[in-house]
Amino acid sequence: MPQHLSPVTRVPRTGLPPYAVVVGDPARAADVAMLLDGAAEVSYHREYRVFRGSWRGVPMTVASHGVGAPGAVLLFRELADAGVRTFLRLGTAGAMRPGIGDGELVIAEAAVRDDGVTQQLLPPEYPAVSAPEAVFALLRAARAAGVPHHRGFVWTRAAFQPGLIPLNAYDGAGLAAIEMELSALLVTASLRGLVAGGVLVVDGVNADELVDERASFSTGGYDPHREVVARGVERGAVVALEALRLLAEECPAERAHHPGSAPPGRASGGNAT
Ligand SMILES: O=P(O)(O)O[C@H]1O[C@H](CO)[C@@H](O)[C@H]1O
Ligand SMILES: O=c1cc[nH]c(=O)[nH]1
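This one's a predicted model, so the numbers in the text were calculated from it and none came from an experiment. (Residues numbered from 1 in each chain as written. Chains lettered and ligands numbered in written order. Predicted model: local features only at pLDDT ≥ 70, side-chain atom pairs only at ≥ 80, totals over all residues.)

### Description of the overall build of the protein
To keep things clear, this is the line we draw: The numbering of helices and of strands both runs from the N terminus, where a helix is a DSSP run of H or I of at least 4 residues and a strand a run of E of at least 2. The burial criterion counts other C-beta atoms lying within 10 Å of a residue's C-beta, which is placed from the backbone; the residue is buried at 20 or more, exposed at 12 or fewer, and partly exposed between these limits. Think of it this way: build a C-beta for each residue from its backbone, and any pair within 7 Å is a contact.
On a plain count of helices and strands, the protein comes out with five helices and nine strands. Counting all 273 residues of the protein, 49% fall into the buried class. Excluding contacts between residues fewer than 6 apart, the proportion of contacts in the protein whose partners are at least 24 apart in sequence is 77%.

### Some thoughts on the site of ligand 2
Applied cut-off: Each residue receives a C-beta atom built from its backbone; the residue is near a molecule or strand if that atom lies within 6 Å of it. Residues are sorted three ways: Asp, Glu, Lys and Arg are charged, Ala, Val, Leu, Ile, Met, Phe, Trp, Tyr, Cys and Pro are nonpolar, and all the rest, Gly among them, are polar.
Ligand 2 sits among Thr92, Ala93, Gly94, Phe160, Ile178, Glu179, Met180, Asp203, Gly204, Val205, Asn206 and Tyr222. Broken down by element, the residue count for the shell around ligand 2 peaks at three residues, all from strand S5 (residues 86-95). By residue class, the composition of the shell around ligand 2 is six nonpolar, four polar and two charged.

### Remarks on the site of ligand 1
Taken together, Val23, Gly24, Asp25, Val67, Gly91, Thr92, Phe160, Glu179, Met180 and Glu181 make up all the residues around ligand 1. Classifying every residue of the shell around ligand 1 by side-chain character gives four nonpolar, three polar and three charged.

### What to know about the nonpolar core
Filter applied, for reference: What we call a nonpolar core is a set of buried Ala, Val, Leu, Ile, Met, Phe, Trp, Tyr and Cys residues whose membership is set by joining through C-beta atoms within 7 Å.
Of all hydrophobic cores here, the largest spans 84 residues; its most connected members are Val21, Val106, Val154 and Leu244. Of the residues forming this core, the biggest block, nine residues, is contributed by helix H5 (residues 227-250).

### Observations concerning helix H4 (residues 182-192)
Most of H4 sits inside the fold, with eleven of its eleven residues counted as buried. Taken together, the buried positions of H4 are Leu182, Ser183, Ala184, Leu185, Leu186, Val187, Thr188, Ala189, Ser190, Leu191 and Arg192. Looking one or two residues beyond H4, the residue adopting positive phi is glycine 193, at roughly 70°.

### Describing the pairing of strand S4 (residues 58-64)
This is how the line gets drawn: At least two DSSP bridges between two strands are needed for those strands to be called paired.
Counting buried residues in S4 gives five out of seven residues, a clear majority hidden from the surface. Inspection of the sheet shows strand S1 (residues 19-23) paired to S4 by five bridges, in the parallel sense. Across the sheet, valine 21 pairs through a bridge with valine 62, a residue of S4. Across six bridges, strand S3 (residues 48-55) lies against S4 in antiparallel orientation. Residue phenylalanine 51 lies in a different strand from S4, and its bridge partner there is valine 62. With antiparallel pairing between neighbouring strands as the criterion, S3 and S4 make up a hairpin whose turn holds two residues, including arginine 56 at a positive phi of roughly 45°.

### Quick notes on the environment of proline 162
Within the fold, proline 162 resides in the loop between strand S7 (149-157) and strand S8 (177-179). Linking proline 162 and valine 202, residues 40 residues apart in sequence, is a C-alpha distance of 18 Å. Apart from residues lying up to four places away in sequence, proline 162 is in contact with Leu167, Ala207 and Glu209.

### Structural notes on the pairing of S3
Of all eight residues in S3, seven are buried; the element is thus mostly enclosed. Summarising the sheet, strand S2 (residues 37-45) and S3 pair through six bridges and their orientation is antiparallel. Across the sheet, the residue bridging to tyrosine 44 is arginine 49, located in S3. Linking two consecutive strands that pair antiparallel, namely S2 and S3, is a turn of two residues; a positive phi of about 50° is found at arginine 46 within it.

### Focus on the confidence of the model for the protein
Our working rule: Known as pLDDT, the predictor's per-residue confidence is scaled from 0 to 100.
When pLDDT is averaged across the protein, the result is 91; 88% of the residues are at 70 or more. Confidence, read as mean pLDDT per element, is least for S8 in the protein (96) and greatest for S1 (99). In the model, residues 256-269 has pLDDT below 50 throughout and makes 13 contacts with residues more than four positions away in sequence or in other chains. For this predicted complex, the interface score ipTM comes out at 0.98, while the overall pTM is 0.93.

### Focus: unusual backbone geometry
In this structure, arginine 46 takes a positive phi of about 50° despite not being glycine. By secondary structure assignment, the location of arginine 46 is in the loop between S2 and S3. Owing to 14 C-beta atoms within 10 Å, arginine 46 belongs among the partly exposed residues under this scheme.

### So, the packing of helix H2 (residues 69-81) against H4
So the rule is basically this: The axes used here are C-alpha line fits, helices contributing only the stretch in contact, and every angle between their N-to-C directions lies in the interval 0 to 180 degrees. Put simply, a crossing is left-handed when the front helix is turned counterclockwise from the back one by less than a right angle, and right-handed when it is turned clockwise.
Here H2 crosses H4 at 35°, and the two axes come no closer than 9 Å. When you trace H2 past H4, the crossing you get is right-handed. For the pair H2 and H4, contact is made by Ala69, Ala72, Val73, Phe76, Arg77 and Ala80 and by Ala184, Leu185, Thr188 and Arg192, respectively. Taken together, the residues that form the contact of H2 with H4 break down as seven nonpolar, one polar and two charged.

Following this line, the structure appears as C-alpha coordinates:
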(Lines give C-alpha, C1' and ligand atoms only; values in the text may rest on other atoms or scores of the structure.)
(Ligands and ions follow the chains in the order given, each with its own letter.)
Protein backbone atom coordinates (compact mmCIF):
# COMPACT_ATOMS: atom_id res chain seq x y z
CA MET A 1 0.00 0.00 0.00
CA PRO A 2 1.45 3.44 -0.87
CA GLN A 3 2.62 4.97 2.41
CA HIS A 4 1.50 8.46 1.50
CA LEU A 5 -2.20 7.48 1.30
CA SER A 6 -4.59 6.95 4.22
CA PRO A 7 -5.62 3.33 4.67
CA VAL A 8 -9.39 3.51 4.15
CA THR A 9 -10.28 6.64 2.22
CA ARG A 10 -7.00 6.89 0.26
CA VAL A 11 -6.70 10.62 0.93
CA PRO A 12 -3.11 11.89 1.23
CA ARG A 13 -1.76 11.49 4.75
CA THR A 14 -0.57 15.11 4.93
CA GLY A 15 -0.90 18.51 3.35
CA LEU A 16 -4.64 19.10 2.90
CA PRO A 17 -5.99 22.66 3.33
CA PRO A 18 -7.26 23.14 6.90
CA TYR A 19 -10.78 24.36 5.99
CA ALA A 20 -13.18 21.76 4.60
CA VAL A 21 -16.70 21.45 3.26
CA VAL A 22 -17.88 17.85 3.65
CA VAL A 23 -20.91 16.49 1.80
CA GLY A 24 -22.55 13.10 1.39
CA ASP A 25 -22.64 12.85 -2.38
CA PRO A 26 -19.43 12.66 -4.49
CA ALA A 27 -21.25 14.53 -7.28
CA ARG A 28 -22.02 17.34 -4.85
CA ALA A 29 -18.35 17.48 -3.87
CA ALA A 30 -17.54 18.07 -7.55
CA ASP A 31 -20.23 20.78 -7.78
CA VAL A 32 -18.90 22.59 -4.72
CA ALA A 33 -15.32 22.26 -5.99
CA MET A 34 -16.38 23.95 -9.24
CA LEU A 35 -16.98 27.11 -7.21
CA LEU A 36 -13.32 27.17 -6.18
CA ASP A 37 -10.41 28.81 -7.94
CA GLY A 38 -7.83 26.32 -9.16
CA ALA A 39 -9.92 23.30 -8.16
CA ALA A 40 -8.17 19.96 -8.53
CA GLU A 41 -9.24 16.45 -7.60
CA VAL A 42 -6.97 15.03 -4.92
CA SER A 43 -8.32 11.49 -4.62
CA TYR A 44 -11.39 9.37 -5.32
CA HIS A 45 -11.80 6.01 -3.65
CA ARG A 46 -15.10 4.32 -2.75
CA GLU A 47 -17.55 7.12 -1.79
CA TYR A 48 -14.73 9.41 -0.74
CA ARG A 49 -14.00 12.06 -3.36
CA VAL A 50 -11.68 14.88 -2.36
CA PHE A 51 -10.83 18.19 -4.04
CA ARG A 52 -8.71 21.17 -3.15
CA GLY A 53 -8.85 24.75 -4.40
CA SER A 54 -9.40 28.20 -2.97
CA TRP A 55 -12.39 30.38 -2.16
CA ARG A 56 -11.68 34.11 -2.14
CA GLY A 57 -8.04 33.44 -1.36
CA VAL A 58 -8.59 30.82 1.34
CA PRO A 59 -7.34 27.30 0.54
CA MET A 60 -10.15 24.78 0.92
CA THR A 61 -10.71 21.04 0.97
CA VAL A 62 -13.99 19.66 -0.36
CA ALA A 63 -14.77 16.00 0.32
CA SER A 64 -17.62 13.50 0.14
CA HIS A 65 -18.25 11.06 2.97
CA GLY A 66 -21.09 8.94 1.55
CA VAL A 67 -24.32 7.95 3.28
CA GLY A 68 -24.16 6.96 6.93
CA ALA A 69 -22.11 7.96 9.95
CA PRO A 70 -19.87 4.87 10.37
CA GLY A 71 -18.28 5.41 6.95
CA ALA A 72 -18.27 9.17 7.34
CA VAL A 73 -16.24 9.00 10.56
CA LEU A 74 -13.49 7.19 8.67
CA LEU A 75 -13.20 10.15 6.34
CA PHE A 76 -13.44 12.81 9.05
CA ARG A 77 -10.60 11.19 10.97
CA GLU A 78 -8.38 10.67 7.95
CA LEU A 79 -8.99 14.26 6.79
CA ALA A 80 -8.04 15.49 10.27
CA ASP A 81 -4.89 13.37 10.14
CA ALA A 82 -4.11 15.04 6.79
CA GLY A 83 -4.42 18.58 8.15
CA VAL A 84 -8.10 19.60 8.12
CA ARG A 85 -8.91 21.62 11.25
CA THR A 86 -12.32 23.15 10.49
CA PHE A 87 -15.21 21.16 9.01
CA LEU A 88 -18.59 22.31 7.80
CA ARG A 89 -21.02 19.67 6.62
CA LEU A 90 -23.26 20.72 3.73
CA GLY A 91 -25.93 18.05 3.70
CA THR A 92 -29.54 17.45 2.85
CA ALA A 93 -32.09 16.83 5.57
CA GLY A 94 -35.77 16.38 6.24
CA ALA A 95 -37.59 19.20 7.99
CA MET A 96 -39.08 18.43 11.39
CA ARG A 97 -40.51 21.74 12.42
CA PRO A 98 -43.41 23.73 10.96
CA GLY A 99 -42.32 26.68 8.87
CA ILE A 100 -39.13 25.19 7.43
CA GLY A 101 -39.56 24.91 3.69
CA ASP A 102 -38.04 22.82 0.92
CA GLY A 103 -34.74 24.25 -0.27
CA GLU A 104 -34.30 26.33 2.90
CA LEU A 105 -31.26 25.97 5.14
CA VAL A 106 -31.03 24.65 8.67
CA ILE A 107 -27.93 25.74 10.58
CA ALA A 108 -27.24 23.14 13.25
CA GLU A 109 -26.51 24.16 16.82
CA ALA A 110 -26.26 20.56 18.04
CA ALA A 111 -27.31 17.06 17.06
CA VAL A 112 -28.95 14.07 18.70
CA ARG A 113 -26.40 11.23 18.68
CA ASP A 114 -28.51 8.52 17.11
CA ASP A 115 -25.82 8.00 14.48
CA GLY A 116 -25.08 4.31 15.01
CA VAL A 117 -21.34 4.72 15.47
CA THR A 118 -20.36 7.20 18.19
CA GLN A 119 -22.22 5.06 20.72
CA GLN A 120 -19.42 2.54 20.20
CA LEU A 121 -16.76 5.18 20.85
CA LEU A 122 -17.90 7.00 23.99
CA PRO A 123 -20.84 7.16 26.40
CA PRO A 124 -24.18 8.32 25.03
CA GLU A 125 -24.38 11.29 27.42
CA TYR A 126 -21.46 13.01 25.67
CA PRO A 127 -22.89 15.95 23.69
CA ALA A 128 -22.69 16.56 19.95
CA VAL A 129 -22.44 20.34 19.66
CA SER A 130 -21.42 22.65 16.85
CA ALA A 131 -18.56 25.01 17.57
CA PRO A 132 -20.25 28.33 18.41
CA GLU A 133 -17.99 30.22 16.02
CA ALA A 134 -19.09 27.89 13.21
CA VAL A 135 -22.76 28.55 14.00
CA PHE A 136 -22.22 32.30 14.02
CA ALA A 137 -20.19 32.23 10.81
CA LEU A 138 -22.90 30.21 9.05
CA LEU A 139 -25.64 32.53 10.33
CA ARG A 140 -23.70 35.58 9.18
CA ALA A 141 -22.97 34.08 5.76
CA ALA A 142 -26.61 33.07 5.24
CA ARG A 143 -27.85 36.48 6.31
CA ALA A 144 -25.36 38.30 4.08
CA ALA A 145 -26.39 36.16 1.09
CA GLY A 146 -30.08 36.72 1.80
CA VAL A 147 -30.72 32.96 1.95
CA PRO A 148 -33.76 31.70 3.90
CA HIS A 149 -32.41 29.89 6.93
CA HIS A 150 -33.31 28.51 10.35
CA ARG A 151 -31.28 27.36 13.31
CA GLY A 152 -31.83 24.52 15.71
CA PHE A 153 -31.09 20.99 16.84
CA VAL A 154 -30.79 18.18 14.34
CA TRP A 155 -31.65 14.50 14.72
CA THR A 156 -28.81 12.43 13.30
CA ARG A 157 -30.32 9.00 12.79
CA ALA A 158 -28.59 5.91 11.38
CA ALA A 159 -31.73 4.38 9.90
CA PHE A 160 -33.03 6.28 6.91
CA GLN A 161 -35.98 4.06 6.07
CA PRO A 162 -38.68 3.67 8.69
CA GLY A 163 -39.05 0.31 10.47
CA LEU A 164 -41.39 -1.00 13.13
CA ILE A 165 -40.31 1.41 15.87
CA PRO A 166 -42.34 4.63 15.64
CA LEU A 167 -40.42 7.81 14.87
CA ASN A 168 -42.09 9.86 17.58
CA ALA A 169 -39.33 9.85 20.22
CA TYR A 170 -38.70 13.56 19.81
CA ASP A 171 -42.24 14.80 19.25
CA GLY A 172 -42.56 18.12 20.98
CA ALA A 173 -38.79 18.60 21.30
CA GLY A 174 -38.64 21.21 18.56
CA LEU A 175 -35.98 19.49 16.48
CA ALA A 176 -35.38 21.33 13.21
CA ALA A 177 -34.27 18.57 10.83
CA ILE A 178 -33.26 14.94 10.43
CA GLU A 179 -30.20 13.58 8.61
CA MET A 180 -27.59 10.86 9.05
CA GLU A 181 -24.01 12.05 9.74
CA LEU A 182 -23.79 15.37 11.55
CA SER A 183 -23.56 14.19 15.17
CA ALA A 184 -20.66 11.91 14.20
CA LEU A 185 -18.82 14.87 12.71
CA LEU A 186 -19.45 17.05 15.76
CA VAL A 187 -18.27 14.36 18.18
CA THR A 188 -15.21 13.56 16.07
CA ALA A 189 -14.29 17.23 16.02
CA SER A 190 -14.78 17.68 19.77
CA LEU A 191 -12.60 14.66 20.51
CA ARG A 192 -9.82 16.03 18.31
CA GLY A 193 -10.10 19.66 19.44
CA LEU A 194 -11.29 20.73 15.98
CA VAL A 195 -13.98 23.16 14.84
CA ALA A 196 -17.12 21.78 13.17
CA GLY A 197 -20.65 22.75 12.24
CA GLY A 198 -23.29 21.99 9.69
CA VAL A 199 -25.69 23.58 7.24
CA LEU A 200 -28.45 21.40 5.83
CA VAL A 201 -30.72 21.88 2.85
CA VAL A 202 -34.28 20.70 3.35
CA ASP A 203 -35.39 18.11 0.79
CA GLY A 204 -38.78 17.15 2.24
CA VAL A 205 -39.34 14.55 4.93
CA ASN A 206 -38.23 10.92 4.69
CA ALA A 207 -41.05 9.29 6.64
CA ASP A 208 -44.78 9.92 6.59
CA GLU A 209 -44.75 10.01 10.39
CA LEU A 210 -42.54 13.08 10.23
CA VAL A 211 -44.75 15.04 7.86
CA ASP A 212 -46.33 17.66 10.03
CA GLU A 213 -49.74 18.65 8.70
CA ARG A 214 -49.13 22.18 9.90
CA ALA A 215 -45.95 22.22 7.82
CA SER A 216 -47.44 20.73 4.69
CA PHE A 217 -47.59 24.14 3.08
CA SER A 218 -43.82 24.18 3.01
CA THR A 219 -42.49 20.59 2.89
CA GLY A 220 -43.71 17.44 1.23
CA GLY A 221 -42.51 13.85 1.17
CA TYR A 222 -38.86 13.03 0.57
CA ASP A 223 -37.69 14.05 -2.89
CA PRO A 224 -34.14 15.38 -3.19
CA HIS A 225 -34.27 15.42 -7.01
CA ARG A 226 -36.12 18.68 -7.39
CA GLU A 227 -35.10 22.06 -8.65
CA VAL A 228 -35.97 23.67 -5.31
CA VAL A 229 -33.47 21.38 -3.56
CA ALA A 230 -30.76 21.89 -6.21
CA ARG A 231 -31.11 25.67 -5.83
CA GLY A 232 -30.92 25.28 -2.05
CA VAL A 233 -27.74 23.21 -2.35
CA GLU A 234 -26.16 25.87 -4.60
CA ARG A 235 -26.98 28.55 -2.05
CA GLY A 236 -25.86 26.33 0.83
CA ALA A 237 -22.51 25.75 -0.86
CA VAL A 238 -21.83 29.47 -1.07
CA VAL A 239 -22.93 29.93 2.54
CA ALA A 240 -20.62 27.12 3.72
CA LEU A 241 -17.60 28.40 1.77
CA GLU A 242 -18.19 31.95 2.87
CA ALA A 243 -18.57 30.84 6.51
CA LEU A 244 -15.23 29.03 6.26
CA ARG A 245 -13.67 32.19 4.87
CA LEU A 246 -15.01 34.16 7.85
CA LEU A 247 -13.64 31.53 10.21
CA ALA A 248 -10.25 31.64 8.50
CA GLU A 249 -10.20 35.42 8.85
CA GLU A 250 -11.43 35.68 12.39
CA CYS A 251 -10.92 32.50 14.36
CA PRO A 252 -8.04 30.22 15.15
CA ALA A 253 -8.51 26.89 13.43
CA GLU A 254 -8.34 24.72 16.53
CA ARG A 255 -10.30 24.71 19.73
CA ALA A 256 -8.33 25.07 22.92
CA HIS A 257 -6.77 21.79 23.85
CA HIS A 258 -8.90 19.82 26.22
CA PRO A 259 -8.63 16.36 27.72
CA GLY A 260 -10.60 14.73 24.94
CA SER A 261 -8.47 15.94 22.08
CA ALA A 262 -6.32 12.85 21.77
CA PRO A 263 -8.75 9.96 21.43
CA PRO A 264 -7.66 6.35 21.44
CA GLY A 265 -6.76 4.82 18.08
CA ARG A 266 -6.12 8.25 16.64
CA ALA A 267 -4.12 7.62 13.51
CA SER A 268 -3.93 4.00 12.55
CA GLY A 269 -6.01 2.02 15.00
CA GLY A 270 -9.14 0.28 13.86
CA ASN A 271 -11.35 -2.63 14.73
CA ALA A 272 -8.68 -5.01 13.52
CA THR A 273 -5.74 -3.63 15.45
O1 LIG B 1 -27.21 14.79 1.18
P2 LIG B 1 -26.29 14.13 2.17
O3 LIG B 1 -25.15 14.99 2.55
O4 LIG B 1 -25.86 12.76 1.72
O5 LIG B 1 -27.18 13.94 3.51
C6 LIG B 1 -28.38 13.19 3.63
O7 LIG B 1 -28.73 12.46 2.47
C8 LIG B 1 -28.45 11.06 2.65
C9 LIG B 1 -29.74 10.28 2.62
O10 LIG B 1 -30.33 10.39 1.39
C11 LIG B 1 -27.76 10.94 3.98
O12 LIG B 1 -26.37 10.98 3.78
C13 LIG B 1 -28.29 12.15 4.71
O14 LIG B 1 -27.55 12.59 5.80
O1 LIG C 1 -31.81 11.53 6.45
C2 LIG C 1 -32.42 12.27 5.68
C3 LIG C 1 -31.76 13.01 4.67
C4 LIG C 1 -32.46 13.81 3.85
N5 LIG C 1 -33.80 13.93 4.01
C6 LIG C 1 -34.45 13.24 4.94
O7 LIG C 1 -35.67 13.34 5.06
N8 LIG C 1 -33.74 12.43 5.78
